[in-house]
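# Close look at the chain arrangement
For reference, the chains in residue letters:
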Amino acid sequence: MMKEQNHIISAIVEHKPGVLYTVANLFRRRGFNIESISVGPTEQSDLARMTITVKGDERTIEQVVKQLNKLVDVIKVSRLDPTSIVTRELALIKVRALDTKVRSDVINYADIFRARVVDVSSESLMVEITGTSDKIDAFLDLMKPFGVKEVGRTGITALSRGVKSVKIE
Amino acid sequence: MVKMSGAQALIEALKRQNVEVIFGISGGSILPIHDVLYDSGIRHILSRHEQCAAHAADGYARASGRPGVCMATSGPGATNLVTGIANAYLDSSPVIAFTGQVNTFSVNSSYMIGRDAFQEADIIGITTPITKYNYQVKSPSEIPRAVRLAFYIATTGRPGPALVDLPKNVQTEVEEMEFSRNVEVRGYKPKTEPHPIQVKKAVKLLLEAERPIVLAGGGVIISKASPELLELAELLMMPVATTLMGKGCFPEDHPLSLGDVGMHGTRVANKLMLESDVLLAVGTRFSDRTTGNIDEFCPDAKIIHVDIDAAEIGKNVEVDVPIVADAKETLSLIHRLLIYQLKKQENSPWFNRVKELKDQPQNETDLGDCDLKPPLLIKELRKILPENAIVTTEVGQNQMWAALHFETHKPRTFISSGGLGTMGFGFPAALGAKVACPGCAVVDIAGDGSFIMTEQELACSVLEKIPVTVIVLNNSMLGMVAQWQRLFYKRRYSAVELGKAPDFVKLAEAYGAQGVHVGSLKEFSETMKKALKSEVTTVIDVPISPEENVFPMVPAGKGLKDIIERAG
């Protein structure tokens, strides 16, 4: 068995309704596992970038790329080289914080992680954190003892470092 | 720029694609198009079930090499097409479907797309995994481009079905139309030229090979690469096995032809495949029915895989030399490079081995007291039919007997549902083939179980004057399933006995077709000869033993070496 690990695929697609369905459907039908997917517009208004994290061995990932390439609405697909990319994820975390001691602990941790408190209520704090998935995982671990009420994560978005780009001329 | 309705634009766009025939059924949401079709000069063939409209378009495409067009109304009309579209998708056939759809809007907002209006189905969502391209037009002016792209994408690269969904109000609204020839799609750039370095590697492997073999699939037929394949095979004295989809791409009366390989492949093909040291696979996707257990497939062979679809390379089988390109271009380039470096070897040990195996008597049939054995009947049929006759098959035993025993000499003369295995495909496909090639005799080799699934098209065949012949190998059983139950389920015949209904002669007559029971090979032969001259479809009912098996057979999941040659 080849080693299964996470791979990040960047796909430039037509920015129009139905494309996410087509891509998600392909993954479902072929039995590929999406760990996370993030979609958003690019510097060109008619194009969107999908950043897809997929778990699988080398052969599976090669198939994923080839099958994605076959879709008419998918214009360009690249596997990002994990050694030279910037990846970011954003999370919103709602933590139980009934007393001032907990509040100040949460705020202190948030400072260390360069996270921000974005909402306060009588029973909770909401923290916004951006970074690599590892960083977010670590922060979440710290928050658990306080009682994490809700988490929203965007999934990874990524670009290659330097001049290399996945772009349509 | 010219002003017209969406329906007019569709018909104009179809004419620009040289569409002569549409198979379909009308209905509420496609009325405006049928109204324009009425005096358009395009022939509309009224199927009796939309599935058959899609199969007929598929048969038309496979027989002619041109795209086949089918049309249906929204909702059930569209969903009835689905089996036919999936069938075309798995066998890479350029079928183009047009479906009506409910209005995109209305003064009464309950008639909008997405509101579960009467006869609304999300056909775009449903057909996304089984089409190469599908599109719902939102305004009439999108129609010319949608049609152009549907034809372009369906017929280029690895062909496949396309679907255009047409909301009713888009059919009636009038807009300025622009008909251009531009088919630029930034996400679709099929590539046909082989990579020179990979071709060099392939040439080197073939030069060094002692026991080279070709596995030729449907891609050879699609790319019209038969002459190049023949040339290359003869240059290397290299035997050629075909997949079910490739049957006909290499003349089966040629000394280098091995017939089909796989679950119901010939003994020779399956044996030699295992003995080969270089496998040149062209236009095939290494389906499980072809390879048997993949781990035991061609254990000693280096594999060269030529396919126009990059995603097929490495999907099922790991290959040594991948070539993503058109089969015709690649084979002709390999031939050009080889011819300077090679002396033709007439009597190589490998060719002698091919001869030796081919000369051994092949699974003779025990005649018993009846001479209506399917293999004999199909061989007799070959003698009766002219060279250019087209045979379609249903799915099951009939199909495998046809594949094993109907010696096919030309591409596009053997049409069968290979990937999806759709019972009921053969008859409507035969009608489509006959419409495409009116000068050719068309025969559907059927089983009783399959024929019942689409027999209502007899009405279409009689009224539209599309005469074909249906040979019903009638064992009153779902024969192939019964065969598996006999071999692997201790003869527990669960849900396979169809009984003696219907009487196929009376059935044919009820539709105004001819029906004939035959009781011997001689009677079959006489009836068949008459059927070829008949101006109306003939159904020949041939009783065969329900105990009849198709051999050889490689049980599912087993390797090609585990071939069963006869019962017991």
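### Quick notes on the overall build of chain B
- Each helix and strand counted, chain B has 22 helices and 20 strands in total.
- Over its C-alpha trace chain B gives a radius of gyration of 24 Å, about what one expects of a compact globule, namely 24 Å for 568 residues.
- Along the first, second and third principal axes, the C-alpha atoms of chain B reach 75 × 60 × 40 Å.
- In chain B, buried positions account for 56% of the 568 residues.
- Across chain B, the fraction of contacts at a sequence separation of at least 24, relative to all contacts at a separation of at least 6, is 75%.

### As for the overall build of chain A
- Counting secondary structure elements, chain A contains four helices and nine strands.
- Scanning chain A from its N terminus toward the C terminus, one meets helices and strands in the order β-α-β-β-α-β-β-α-β-β-α-β-β.
- Residues classed as buried in chain A amount to 28% of the 169 residues present.
- In chain A, the proportion of contacts linking residues at least 24 apart, taken out of those at least 6 apart, comes to 73%.

### Describing the packing of helix α8 (residues 196-208) of chain B against helix α13 (residues 327-339) of chain B
All names here are of chain B.
- In contact at an axis separation of 10 Å, α8 and α13 are set at 60 degrees when each is read in the N-to-C sense. Between α8 and α13, the angle falls in the class oblique. Where α8 crosses over α13, the two elements pack in a sense that is right-handed. Within the contact between the two elements, α8 uses Val199, Ala202, Val203, Leu206 and Leu207 and α13 uses Thr330, Leu333, Ile334, Leu337 and Leu338.

### A short note on the domain arrangement of chain A
Residue and element names in this part refer to chain A.
- Entries for chain A in the domain assignment read domain 1 (5-79) and domain 2 (86-157).
- When residues of the side of domain 1 that touches domain 2 are traced back to their parent elements, those giving at least two are β2 (33-41) and β3 (47-56).
- The element that contributes the greatest number of residues to the side of domain 1 that touches domain 2 is β2, accounting for three residues.
- Across the side of domain 1 that touches domain 2, the residue classes tally to two nonpolar, four polar and no charged.

### Quick word on the nonpolar core
- Counting residues in each nonpolar core, the largest one holds 198 residues, and the members touching the most others are Cys70(B), Ala150(B), Val214(B), Leu229(B) and Ile304(B).
- With nine residues, the single largest contributor to this core is helix α6 (residues 143-155) of chain B.
- If sequence neighbours within four positions are ignored, Leu229(B) has contacts with Val214(B), Ala216(B), Val220(B), Val240(B), Cys249(B), Phe250(B) and Leu331(B).
- Ala91(A), Ala110(A), Phe139(A) and Met143(A) belong to the second largest nonpolar core, which has 13 residues in total.

### Some details on the interface of chain B and chain A
- Each partner contributes to the interface: chain B provides 14 residues, whereas chain A provides 19 residues.
- Of the residues belonging to the side of chain B that touches chain A, the class tally is eight nonpolar, four polar and two charged.

### So, the sheet that holds strand β2 (residues 21-24) of chain B
Residue and element names in this part refer to chain B.
- With respect to topology, six strands assemble into an open sheet ordered β3-β2-β4-β5-β7-β6, the strand pairing being parallel. The strands lining the two open edges of the sheet, one partner per strand, are β3 (43-46) and β6 (133-136). Between one strand and the next, the sheet's axes are offset by a mean angle of 20 degrees, whatever the strand orientation.
- Two strands pair when backbone bridges link them, and strand β5 (residues 95-101) and strand β7 (residues 162-167) are joined in this way by six bridges, in the parallel orientation. Among the inter-strand pairings, Ile96 is bridged to a residue of β7, identified as Ala162.
- Across the sheet, α6 touches β5, β6 and β7, and the angle it forms with β7 is around 165 degrees.

### Considering the domain arrangement of chain B
Residue and element names in this part refer to chain B.
- Per the domain assignment, the segments making up chain B are domain 1 (2-177), domain 2 (196-359) and domain 3 (374-550).
- Centre-to-centre, using C-alpha coordinates, domain 2 lies 31 Å away from domain 3.
- On the side of domain 3, 15 residues touch domain 2, which itself brings 14 residues to the contact.

### As for the environment of Val95(A)
All names here are of chain A.
- Following the sequence through the fold, Val95 ends up in strand β5 (residues 85-96).
- Residue classification places Val95 among the buried positions, given that 27 C-beta atoms sit within 10 Å.
- Separated by 32 residues in the primary sequence, Val95 and Gln63 have C-alpha atoms spaced 41 Å apart.
- Those residues in contact with Val95 that sit more than four places away from it in its chain are Val106, Ser124, Leu125, Val127, Met143, Phe146, Gly147, Val148 and Lys149.

### What about the packing of helix α1 (residues 6-16) of chain B against α6(B)?
Residue and element names in this part refer to chain B.
- Relative orientation of the contacting elements α1 and α6 amounts to 35 degrees, with a least axis distance of 9 Å. In this structure, α1 meets α6 at a crossing whose hand is right-handed. Contact residues: α1 offers Gly6, Ala9, Leu10, Ala13 and Leu14, while α6 offers Ile143, Pro144, Val147 and Arg148.
- The residue makeup of the contact of α1 with α6, split by class, is seven nonpolar, one polar and one charged.

### Let's talk about unusual backbone geometry
Residues and elements named next belong to chain B.
- A cis amide bond, omega -5 degrees, links Ala501 with the succeeding residue Pro502.
- Considering the arrangement of structural elements, one finds Pro502 in the loop between α20 (479-488) and α21 (504-510).
- In this structure, Pro552 follows Phe551 across a cis peptide bond, with omega equal to 0 degrees.
- Secondary-structure assignment places Pro552 in the segment after β20 (538-543).
- The backbone phi angle of Asn18 is positive, close to 60 degrees, even though this residue is not glycine.
- Residue placement: Asn18 occurs in the loop between α1 and β2.
- In the Ramachandran plot, Lys224 falls in the positive-phi region, its phi being about 55 degrees despite a non-glycine side chain.

### What to know about the sheet that holds β3(A)
Residues and elements named next belong to chain A.
- Strand order in this open sheet of four strands is β2-β3-β1-β4, and the pairing throughout is antiparallel. Every other strand in the sheet has two partners, leaving β2 and β4 (74-79) as the edge strands with one partner each. Mean inter-strand twist for the sheet, computed between neighbouring axes without regard to direction, equals 20 degrees.
- In the sheet, β2 pairs with β3 via eight bridges, with the strands oriented antiparallel. Bridging across to β3, Val39 finds its partner in Met50.

Reading guide: rules and limits
- Residues numbered from 1 in each chain as written.
- Chains lettered and ligands numbered in written order.
- Predicted model: local features only at pLDDT ≥ 70, side-chain atom pairs only at ≥ 80, totals over all residues.
- Helix = DSSP H or I, 4+ residues; strand = E, 2+ residues; numbered from the N terminus.
- Rg over C-alpha atoms; globule rule 2.2 N^0.38 Å.
- Buried ≥ 20, exposed ≤ 12 C-beta atoms within 10 Å, placed from the backbone.
- Contact = placed C-beta atoms within 7 Å.
- Axes fitted to C-alpha atoms, helices over the stretch in contact; angles between N-to-C directions.
- Parallel < 35°, antiparallel > 145°, perpendicular 65-115°, else oblique.
- Left-handed = near helix turned anticlockwise from the far one by under 90°.
- Domains from an automatic or database assignment.
- Nonpolar A, V, L, I, M, F, W, Y, C, P; charged D, E, K, R; others polar.
- Core = buried A, V, L, I, M, F, W, Y, C linked by C-beta atoms within 7 Å.
- Pairing = 2+ DSSP bridges.

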